[in-house]
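Commentary on secondary and tertiary structure
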Amino acid sequence: LTDLSIPNDRSKGILIYPNPAKGVFSIVVDKSKYPGMLVTVTNANGTSVISRECKGETEYLFDLSKSPQGTYFVKITTDTELVVTKLVIIN
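My aim in this report is to walk through the structure given alongside it, one point at a time.

**Brief notes about the sheet that holds strand β2 (residues 24-29)**
Spatial strand order, β1-β2-β5: 3 strands in an open sheet with antiparallel pairing. Of all strands in the sheet, those bounded by a partner on one side alone are β1 (14-17) and β5 (59-63). In this sheet, adjacent strand axes meet at a mean angle of 15 degrees when their direction is disregarded. Sheet analysis places β1 next to β2, joined by 4 bridges and oriented antiparallel. Bridging across to β2, Leu15 finds its partner in Val28.

Rules used in this analysis
- Residues numbered from 1 in each chain as written.
- Predicted model: local features only at pLDDT ≥ 70, side-chain atom pairs only at ≥ 80, totals over all residues.
- Heavy atoms only, no water.
- Pairing = 2+ DSSP bridges.
- Helix = DSSP H or I, 4+ residues; strand = E, 2+ residues; numbered from the N terminus.
- Axes fitted to C-alpha atoms, helices over the stretch in contact; angles between N-to-C directions.

See the structure below:
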């Protein structure tokens with residue numbers, strides 16, 4: 001059995017799950033490291049699908065269920081860093 005999940009960089013204090021996702025996924029952050037951030041999800045062509053300011057929570061829910069399956073990139077931008085993670089959407 002092959003694990004198709006994409007590893008999360010827990011050292012950064014970010015967890016994106018499930019991955020692969022059936023459209024709906026969560027981003028869990030360490031609130032002390034990420035009190036506020038801009039989350040942008042782009043498709044493989046670099047077109048923005050969702051862009052949202054996230055502030056003050058430890059978990060944020062995103063819904064890409066109306067988007068086609070494929071590879072997306074989740075960009076988390078703060079004042080001091082940019083974290084990019086690959087996300088796979090399946091039907």
